[in-house]
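For reference, the chains in residue letters:
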Amino acid sequence: MTEDRLLVSRALKGDRKAYEMIVRKYEQPLTSYLHRMTGEREAALDFAQEVFIKAYCSLASYRPAFKFSTWLFKIASNHLIDHWRKKKLPTVSIDQPVDEGDDSLTPQIPDPGPSTARRFELAEIREKIERALETVPEALRELFVLRHVSEFSYEEIADIKGLPVGTVKNRVFQAKEMLRKRMEAS
Amino acid sequence: MTDHLRPEDLYLYLEGELGAFDAGHLEEHLETCPDCRRALAERRLLHEGFTSLPPFEVPRGFAAAVLERLPAPKLRKAPWLMPLIAAAASLATGLVGFYLFTGTTFVDLLIGWNRFSSALAGRVLPLAVKTLKLGGILTRVIGDLLSMGLQGLTTFTRVLGPAGTIIALGLALLLVSFLVFLGTRKSLHQGEEE
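Residues numbered from 1 in each chain as written. Chains lettered and ligands numbered in written order. Predicted model: local features only at pLDDT ≥ 70, side-chain atom pairs only at ≥ 80, totals over all residues.

### So, the overall build of chain B
Piece 1. The secondary structure content of chain B amounts to six helices and zero strands.
Piece 2. Reading chain B from its N terminus to its C terminus gives the helix and strand order α-α-α-α-α-α.
Piece 3. Going through the 194 residues of chain B one by one, you find that 8% of them count as buried.
Piece 4. Restricting to contacts in chain B with at least 6 residues of sequence separation, those with at least 24 account for 47%. (Helix = DSSP H or I, 4+ residues; strand = E, 2+ residues; numbered from the N terminus. Buried ≥ 20, exposed ≤ 12 C-beta atoms within 10 Å, placed from the backbone. Contact = placed C-beta atoms within 7 Å.)

### Comments concerning the overall build of chain A
Piece 1. Looking only at helices and strands, chain A features eight helices and zero strands.
Piece 2. Taken from the N to the C terminus, the helices and strands of chain A come in the order α-α-α-α-α-α-α-α.
Piece 3. The buried share among the 186 residues of chain A stands at 35%.
Piece 4. Of the contacts made within chain A by residues no fewer than 6 positions apart, 69% connect residues no fewer than 24 positions apart.

### A look at the confidence of the model for chain B
The predicted coordinates of low-pLDDT regions are not to be read in fine detail.
All names here are of chain B.
Piece 1. With 92% of its residues at a pLDDT of at least 70, chain B reaches an overall mean of 86.
Piece 2. Highest mean pLDDT in chain B belongs to helix H1 (residues 7-15) (93); lowest belongs to helix H5 (residues 81-102) (85).
Piece 3. Interface scoring of the predicted complex returns ipTM 0.75; its pTM is 0.59. (pLDDT = per-residue confidence, 0-100.)

### A word on unusual backbone geometry
Piece 1. The backbone of Glu151(A) shows a phi angle near 60 degrees, a positive value even though the residue is not glycine.
Piece 2. Mapped onto the fold, Glu151(A) is located in the loop between helix H6 (138-148) and helix H7 (154-161).

### A closer look at helix H4 (residues 68-87) of chain A
All names here are of chain A.
Piece 1. Between its first and last C-alpha atoms H4 spans 29 Å; for 20 residues at 1.5 Å apiece the expected length is 28 Å, and the two agree.
Piece 2. Those residues of H4 that sit buried are Phe68, Trp71, Leu72, Phe73, Ala76 and Ser77.
Piece 3. On the buried face of H4, the contacting elements are helix H1 (3-12), helix H2 (16-38), helix H3 (41-57), H6 and H7. (Expected span 1.5 Å × (residues − 1).)

### Digging into the packing of H4(A) against H7(A)
Residue and element names in this part refer to chain A.
Piece 1. Viewed as axis vectors pointing N to C, H4 and H7 meet at an angle of 50 degrees, and their least axial separation amounts to 8 Å. The pairing of H4 with H7 is recorded here as oblique in orientation. For the pair H4 and H7, the sense of crossing is right-handed. Listed contacts from H7 to Thr70, Phe73, Lys74 and Ser77 of H4 are Glu156, Asp159, Ile160 and Lys161.
Piece 2. When its residues are assigned to classes, the contact of H4 with H7 shows two nonpolar, two polar and four charged. (Axes fitted to C-alpha atoms, helices over the stretch in contact; angles between N-to-C directions. Parallel < 35°, antiparallel > 145°, perpendicular 65-115°, else oblique. Left-handed = near helix turned anticlockwise from the far one by under 90°. Nonpolar A, V, L, I, M, F, W, Y, C, P; charged D, E, K, R; others polar.)

### What to know about the environment of Ala41(B)
Piece 1. The topology assignment puts Ala41(B) in helix H3 (residues 34-50).
Piece 2. Separated by 31 residues in the primary sequence, Ala41(B) and Leu10(B) place their C-alpha atoms 9.6 Å from one another.

### Comments concerning the interface of chain B and chain A
Piece 1. Facing the 29 residues of chain B at the interface are 34 residues of chain A.
Piece 2. At the level of elements, H1, H3 and helix H4 (62-69) of chain B are the ones that each hand at least two residues to the side of chain B that touches chain A.
Piece 3. Of all the elements, H3(B) adds the most residues to the side of chain B that touches chain A, at eight residues.

### Quick word on the environment of Leu34(A)
Residue and element names in this part refer to chain A.
Piece 1. Following the sequence through the fold, leucine 34 ends up in helix H2.
Piece 2. According to the C-beta neighbour criterion, leucine 34 is buried, with 25 such atoms within 10 Å.
Piece 3. The spatial distance from the C-alpha of leucine 34 to the C-alpha of glutamate 142 is 9.1 Å, given a sequence separation of 108 residues.
Piece 4. Non-local contacts of leucine 34, meaning those with residues more than four positions away in its chain, are made with Ala44, Phe47, Ala48 and Ala76.

### A few points about the confidence of the model for chain A
Piece 1. Predicted confidence across chain A gives a mean pLDDT of 84, with 85% of residues reaching 70 or more.
Piece 2. Here residues 92-112 of chain A scores under 50 on pLDDT; set against residues more than four positions off or in separate chains, the count is 25 contacts.

### A look at the packing of H7(A) against helix H8 (residues 165-185) of chain A
Residues and elements named next belong to chain A.
Piece 1. The geometry of H7 relative to H8 is characterised by a closest axis approach of 9 Å and an angle of 105 degrees between their N-to-C directions. On the basis of their axis angle, the class for H7 and H8 is roughly perpendicular. Mapping the contact onto sequence places Tyr154, Glu155, Ile157, Ala158 and Lys161 in H7 and Val165, Val168 and Lys169 in H8.

### A look at H7(A)
All names here are of chain A.
Piece 1. Among the residues of H7, those classed as buried are Tyr154, Glu156, Ile157, Ile160 and Lys161. For H7, the angular spread of buried residues about the axis comes to 160 degrees, placing them on one side.
Piece 2. Tucked into the core, H7 has its buried residues touching H4, H6 and H8.
Piece 3. With its phi angle positive at about 65 degrees, glycine 162 sits one or two positions after the end of H7. (Arc of directions from axis to C-beta.)

### Focus: the environment of Tyr154(A)
All names here are of chain A.
Piece 1. Looking at where tyrosine 154 falls in the secondary structure, it is placed in helix H7.
Piece 2. Taking the C-beta count within 10 Å as the criterion, tyrosine 154 has 20 such neighbours and is therefore assigned buried.
Piece 3. With 15 residues separating them in the primary sequence, tyrosine 154 and lysine 169 have C-alpha atoms 6.7 Å apart.

Structure follows, in structure tokens:
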């Protein structure tokens with residue numbers, strides 16, 4: 001039995017310490033995901049609390065055949081969808097093709113240069129990514145965050161979102177190209 | 001038609017998600033195409049950026065705050081409870097149905113069952129006791145025979161000595177082989193006759 005399944009089984013028997021261990025294990029990946037999705041620190045923390053409480057209340061419905069992390073993120077993803085639906089936030093169609101303008105990217109990469117310069121360059125790129133990420137439509141942003149921030153495999157993301165693996169790969173690619181174009185434009 | 005690599009493949013290659021065959025094909029193409037090498041280098045830096053985004057700093061006490069808000073635990077019901085309730089309900093329904101159709105109550109059934117089991121025990125028990133006694137006697141006789149055989153064997157080997165024992169064993173082996181040979185020959189002859 002994996003550690004998560006053991007903890008869930010203990011939590012189901014009323015062991016709160018076991019659930020605390022689950023919360024501690026997933027608080028960071030979950031809040032990182034929610035922060036990128038909401039764009040607000042406080043909202044991310046509130047949402048994370050609500051997701052953990054929701055998960056606790058429906059712990060009996062968790063099937064150990066699946067990974068606990070994908071189950072938890074599925075709850076988080078549905079929670080976000082409910083939130084957006086309530087707020088009726090404007091959404092952008094993800095079927096819209098990525099703007100295919102000039103295909104070149106500004107950063108001059110091939111020369112690795114000294115490590116400090118490289119670190120600065122990477123830090124700058126990360127900052128640009130964070131800014132550009134806020135402008136990417138939620139549906140694409142979510143898949144990108146699940147892949148590169150939460151580090152789920154494409155198969156796990158397909159499981160969380162109930163989408164075919166091919167669609168997930170294609171949308172993550174769309175998100176990346178969109179980010180590339182927006183970073184280029186900025 | 002373009003001869004260049006697809007950007008989606010470049011990303012998958014950087015993630016290690018491209019199969020070995022496709023990756024080999026891509027690397028071969030990169031050796032001869034400076035445009036694709038440049039495209040890969042651009043995306044490599046982006047990929048590094050994507051995969052090294054800083055994690056969210058969770059405030060200390062977050063887990064404790066979650067635990068404070070947790071409702072009373074919903075304990076999972078014992079898995080055997082529902083089948084037990086279903087079995088009891090089925091039994092009760094069956095008994096009521098039996099009473100309605102035959103007019104026999106549960107108490108009558110119990111009395112009948114009690115009489116039947118007493119009669120059965122009265123016949124079966126003496127037989128079982130006799131069988132057990134016979135089994136005991138047989139075990140004792142077999143045990144005595146075995147110990148006598150062992151004693152005889154020990155005395156035999158002591159009288160013959162180690163060399164004599166080996167010769168006796170060899171002779172016994174020869175005798176067994178001879179008997180097997182005879183038996184095989186006879187069965188082969190029978191086959192020919194048939």
